[in-house]
Amino acid sequence: MLRWLLTAALAHAPSEADVHAPLELSWDVPAGCQAAVQVRGQVDTRLAGRPQPPGTLVAAARVEATDTGYAMTLTLEHDGTSSTRAFEATTCDEVVETAVLLMVMTLDPLALPPEPEPEPEPEPEPDPEPEPEPEPEPEPEPEPEPEPEPEPEPEPEPEPPLFARGRVGAGVGFGPLPGVGGAFDLAAGLGGQAWAVHATAEAWTPSNARTAAGSTARIWLAAFGVEGCGILSPARRWTVPLCASVVAGPMSARGLNVQAARTRRTAWVAARIQPGVVGWIRPWFGLGTLLSGHFALRRPQFTVDPSNVHGAGTVGFRAGAGVFFRNRRAW
């Protein structure tokens, strides 16, 4: 029936539109579909010669490509009422034609031609003369009824999808080691559309520290942690991860130009907050930036001769960029 209405509307529409429909249209479609200007022109054409519709129609349409064709979600607001329709078709032109028809029907239901009258039914043929009834055959013995088959168990509802996630990043920062240094980090874990949990590892490039007496030591740090993230999706190809983690690892120091120098290690522990922005070039591959600040829960101290050569800072900051991965195949 919907296909007939579309065909009839096209056949009865005037060749030129002389009515500009009161329509506010938001049109989000993939490449290859008709543009918003073409859709508005079709609505104006179908309403040509009709009285000006009362009120303004606010329409928002979004078309997405699916495995079988295209799917549209259409929201219509008119005269204080709102409705949302969803439909699919094998081509984008078909879902666009359906959207145009719904917008025209909302503005002016009488703009479409009436349905054709049904064809009259043919007159019934005369009943044939009855044949003589055959002699009744003996009734066969009833067969035993088959045992009913057991009802199949209901299939379990599918669980929400989980994605394997990971990142490789590098940046610069300060706080745990002397001065400004480089830092590299890895993360891997699982997550859904709006959350993720990662195991993390990081390493800071070694830095030198000097005492007031002129002695020096080389300091370096490696740490591991667990990170939880909430993920915002403000746009189709953009996500904003907001992560918090606890990291811990050995901070090591070794004196330079010191007789019988030995390497000393002690634990460094910190709580970290790390927001970021990721742009997904492919559904499974993206590039992004990360900012992180940490608060040291345990601060190592190192001494030489016996002056204090280095003490880890209470707070620290790091900025960097990274490559992000997830095993997602579609947007």
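Model, not experiment: these values are computed from the prediction. (Residues numbered from 1 in each chain as written. Predicted model: local features only at pLDDT ≥ 70, side-chain atom pairs only at ≥ 80, totals over all residues. Heavy atoms only, no water.)

Engineer: Can you walk me through the sheet that holds strand β6 (residues 180-191) in this structure?
Structural biologist: Neighbouring strands of a sheet are bound in pairs by backbone hydrogen bonds; such pairs are parallel or else antiparallel. Strand order in the closed barrel made by the 8 strands is β5-β6-β7-β8-β9-β10-β11-β14, with antiparallel pairing throughout. Sheet twist, expressed as the mean angle between neighbouring strand axes with direction ignored, is 25°. In this structure, strand β7 (residues 195-210) lies alongside strand β8 (residues 216-235), joined through 14 bridges in antiparallel fashion. Looking across to β8, one finds that alanine 209 is bridged to alanine 217. (Pairing = 2+ DSSP bridges. Helix = DSSP H or I, 4+ residues; strand = E, 2+ residues; numbered from the N terminus. Axes fitted to C-alpha atoms, helices over the stretch in contact; angles between N-to-C directions.)

Engineer: I keep staring at the confidence of the model for the protein and nothing clicks. Help me out?
Structural biologist: Do not read the predicted coordinates in detail wherever pLDDT is low. The pLDDT averaged across the protein works out to 84; a share of 88% of its residues lies at or above 70. Here residues 9-17 scores under 50 on pLDDT; set against residues more than four positions off or in separate chains, the count is 13 contacts. (pLDDT = per-residue confidence, 0-100. Contact = heavy atoms within 4.5 Å.)

Engineer: I tried to follow a nonpolar patch on the surface on my own but got confused; where do I start?
Structural biologist: A cluster of nonpolar side chains, namely Leu162, Leu190, Trp195, Val197 and Val226, defines an oily patch on the protein surface of about 480 Å² accessible area. Within the secondary structure, valine 197 sits in strand β7. With relative accessibility at 42%, the residue valine 197 sits in the partly exposed group. (Patch = residues over 30% accessible without salt bridge, like charges linked within 9 Å, V, L, I, M, F, W, Y side chains within 5 Å. Areas by Shrake-Rupley, 256 points an atom, 1.4 Å probe, with all protein chains shown as cover. Salt bridge = Lys/Arg side-chain N within 4 Å of Asp/Glu carboxyl O. Buried < 20%, exposed > 50% of the residue type's maximum accessible area, 1.4 Å probe, protein only.)

Engineer: Explain the packing of aromatic side chains here, please?
Structural biologist: The geometry of two aromatic rings is summed up by the distance between their centres and the angle between their planes. With the rule as written, the count across this model stands at 3 aromatic pairs. When the ring of tryptophan 284 is compared with that of phenylalanine 285, the centres are 5.7 Å apart and the planes differ by 50°; the resulting orientation is tilted. The class of tryptophan 284 is partly exposed, set by a relative accessible area of 45%. Taking relative accessible area as the criterion, phenylalanine 285 reaches 21% and is therefore assigned partly exposed. Counting every residue linked through ring pairs, the aromatic cluster contains Trp284, Phe285 and Phe325. Lying over the aromatic face of tryptophan 280, arginine 326 brings its terminal NZ or CZ to 3.9 Å of the ring centre. (Phe/Tyr/Trp six-rings, centres within 6.5 Å; stacked < 30°, edge-to-face > 60°. Lys NZ or Arg CZ within 6 Å of the ring centre and 35° of its normal.)

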